[in-house]
Amino acid sequence: MFENKSIPLFQVDSFTGKPFSGNPAGVCVLEEPLEDDVMQKIASEMNLSETAFAVKITAGAMIDALKFNLRWFTPKCEVDLCGHATLATAKVLHEIYQLKNDTITFSSLSGELTAQRKRNIHVLDFPAGDIERVDVPDYIINALNLPDYELDTEIHEAVMCKRSKKLLIRFNDTEAIRQINPHFSDLIQAEASFGSRGIIVTSAGDRPYDFTSRFFAPMMGIDEDPVTGAAHTVLGTYWYKMLNKKRMNAFQASKRGGELIVEFREHPKGHYNRVLISGQAVIVMEGVLKF
């Protein structure tokens, strides 16, 4: 399986303008695809929430490339959408590989995605979450472990994204979001029983933010993700409906913290809605992976 290969490897802090904050992602830019099990081993070795693997699709020199195939792996499994690792990949392609075109198209498990460079930020164009209201069972709430709060009064409502199976629970109090301290082994069992693949907790934000969130996905090998672009496809859809506001400032209240600009784009006929997610990224490590 291993053939003494060497590939470039980068670590990028996404959704932040300074090192050691935001969400770190691994990025591998490949000349040809790797086998699935090799990519999974690399992602496990990196032990970041996601590692991205990009392969140029269009012919010609790298500097003129327009389109790449993009896949994302957690230390445990492949995922069908990842925002911060897409942002990280676009940062590497523009800054390290000096791509001339401001817009990069990625072919992925979630269809075609784009990342557009605008000065010091990238704007990601992702499919919007298709959400429906659900009732949250007590075993999920208990696993979230919110001490010293009356849960019946703190929880406002919940929705599920039908496509990604991400569960969003809205709380009335931002401080409640910060106090959540999940029992992750219980949360894995609770998600398996409920059929969700990641839990978003959110509330209206304190100025200058329109909303605040955290994201937990222990079933995917990520106890708490620092800043989650994919979760904001669900958050952007939900808060657009709640606030009737298309462009919103968002904060993810993990220990590292991260800032995003989220813009909901509604299709005239109600289909193929999109969410634009904007942020900065910083390359913090560059090296060569040998195997």
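Residues numbered from 1 in each chain as written. Predicted model: local features only at pLDDT ≥ 70, side-chain atom pairs only at ≥ 80, totals over all residues. Heavy atoms only, no water.

### Considering the side chain of Arg214
For clarity, the cut-off: Elements are defined by DSSP. Helices are runs of H or I of four residues or more, strands are runs of E of two residues or more, and each kind is numbered from the N terminus. Type-normalised accessible area, obtained with a 1.4 Å probe on protein chains alone, sets the label of each residue: buried when under 20%, exposed when over 50%, and partly exposed for intermediate values. Within 3.5 Å is the distance limit for a polar contact, defined as a pair of N or O atoms, with the added protein rule that one can donate a hydrogen and the other accept it, and that residues adjacent in sequence qualify only through two side-chain atoms. Any two residues whose heavy atoms approach within 4.5 Å are treated as being in contact.
Structurally, Arg214 is set in strand 13 (residues 211–217). Judged by relative accessible area, Arg214 falls into the buried class, the value being 8%. Of note is the side chain of Arg214, whose polar atom sits 3.3 Å from the backbone oxygen of Arg178. With residues up to four places along the chain from it excluded, the contact list for Arg214 reads Ile177, Arg178, Gln179, Ile180, Ile199, Ile200, Val201, Glu224, Gln252 and Ala253.

### Looking at the environment of Ser108
Along the chain, Ser108 falls in strand 6 (residues 103–108). As for Ser108 and Phe68, which are separated by 40 residues in sequence, their C-alpha atoms are 8.9 Å apart. Contacts of Ser108, omitting those with residues within four sequence positions, involve Leu70, Trp72 and Leu113. A distance of 3.0 Å separates the side chain of Ser108 from the backbone nitrogen of Ser110, its partner in a polar contact. Within the structure, the side chain of Ser108 is placed 2.9 Å from the backbone oxygen of Gly111, a separation counted as a polar contact.

### Let's talk about the packing of aromatic side chains
Aromatic rings considered in pairs are described by the distance between their centres and by the relative angle of their planes. Condition: A pair of Phe, Tyr and Trp rings is counted when the ring centres sit within 6.5 Å of each other, with Trp represented by its six-membered ring. The angle between the planes then sorts it: under 30 degrees is stacked, over 60 is edge-to-face, the rest tilted.
Enumeration according to the criterion identifies eight aromatic pairs in this entry. Aromatic side chains Phe10 and Tyr97 sit 6.3 Å apart centroid to centroid with 75° between the ring planes, which places their arrangement in the edge-to-face category. Placement of the pair is Phe10 in strand 1 (residues 6–14) and Tyr97 in the loop between helix 2 (83–95) and strand 6, with a sequence separation of 87 residues. Given the relative accessible area of 2%, Phe10 is considered buried. The exposure class assigned to Tyr97 is partly exposed, which follows from its relative accessible area of 22%. Aromatic pair Tyr240 and Phe264: ring centres 4.2 Å apart, planes at 15°, arrangement stacked. With a gap of 24 residues between them, Tyr240 in helix 7 (residues 231–243) and Phe264 in strand 16 (residues 258–265) connect regions that are remote in the sequence. Residue Tyr240 shares its accessibility class with Phe264, and that shared class is buried.

### Overview of the nonpolar core
This is how it is decided: Working definition of a nonpolar core: buried Ala, Val, Leu, Ile, Met, Phe, Trp, Tyr and Cys residues. They are joined through side-chain atoms within 4.5 Å.
The biggest cluster of nonpolar side chains holds 57 residues, and the ones touching the most others in it are Val12, Phe68 and Trp72. By size, the runner-up hydrophobic cluster in this structure holds 18 residues, among which are Leu144, Ile169, Leu187 and Ile199.

### What about helix 7?
Using the following cut-off: What a helix should span is 1.5 Å times the count of its residues minus one.
With 13 residues, helix 7 should cover 18 Å at 1.5 Å per step; its first-to-last C-alpha distance of 18 Å lies within 8% of that length. Extensive coverage of helix 7 is indicated by the burial of 10 of its 13 residues. Within the sequence span of helix 7, burial applies to Ala231, His232, Thr233, Val234, Leu235, Gly236, Thr237, Tyr238, Trp239 and Tyr240. Just beyond helix 7, the residue with positive phi is Asn244, at close to 50°.

### Some words on unusual backbone geometry
Between Arg207 and the following residue, Pro208, the backbone shows a cis peptide bond with an omega angle of 10°. Counting through the fold element by element, Pro208 comes out in the loop between strand 12 (199–204) and strand 13. If you check the backbone angles, Asn47 has positive phi at about 60° while not being a glycine. Tracing the backbone shows Asn47 in the loop between helix 1 (36–46) and strand 3 (51–56). Overall, Asn47 belongs to the exposed group, its relative accessible area being 57%. Even without a glycine there, the phi angle at Asn145 is positive, about 60°. Among the structural elements, Asn145 can be located in the loop between helix 3 (138–144) and helix 4 (151–154). In this structure Asn145 comes out as partly exposed when scored by relative accessible area, which is 22%.

### Describing the state of the cysteines
Formally: Cysteine sulfur atoms that come within 2.5 Å of each other are treated as a disulfide pair.
With the rule as written, the count across this model stands at zero disulfides. Sulfur of Cys28: no disulfide; nearest cysteine sulfur belongs to Cys82 and is 14 Å away. The cysteine Cys161 is free of any disulfide, with Cys82 supplying the nearest cysteine sulfur at 15 Å. Cys161 sits in the buried class, given a relative accessible area of 0%.

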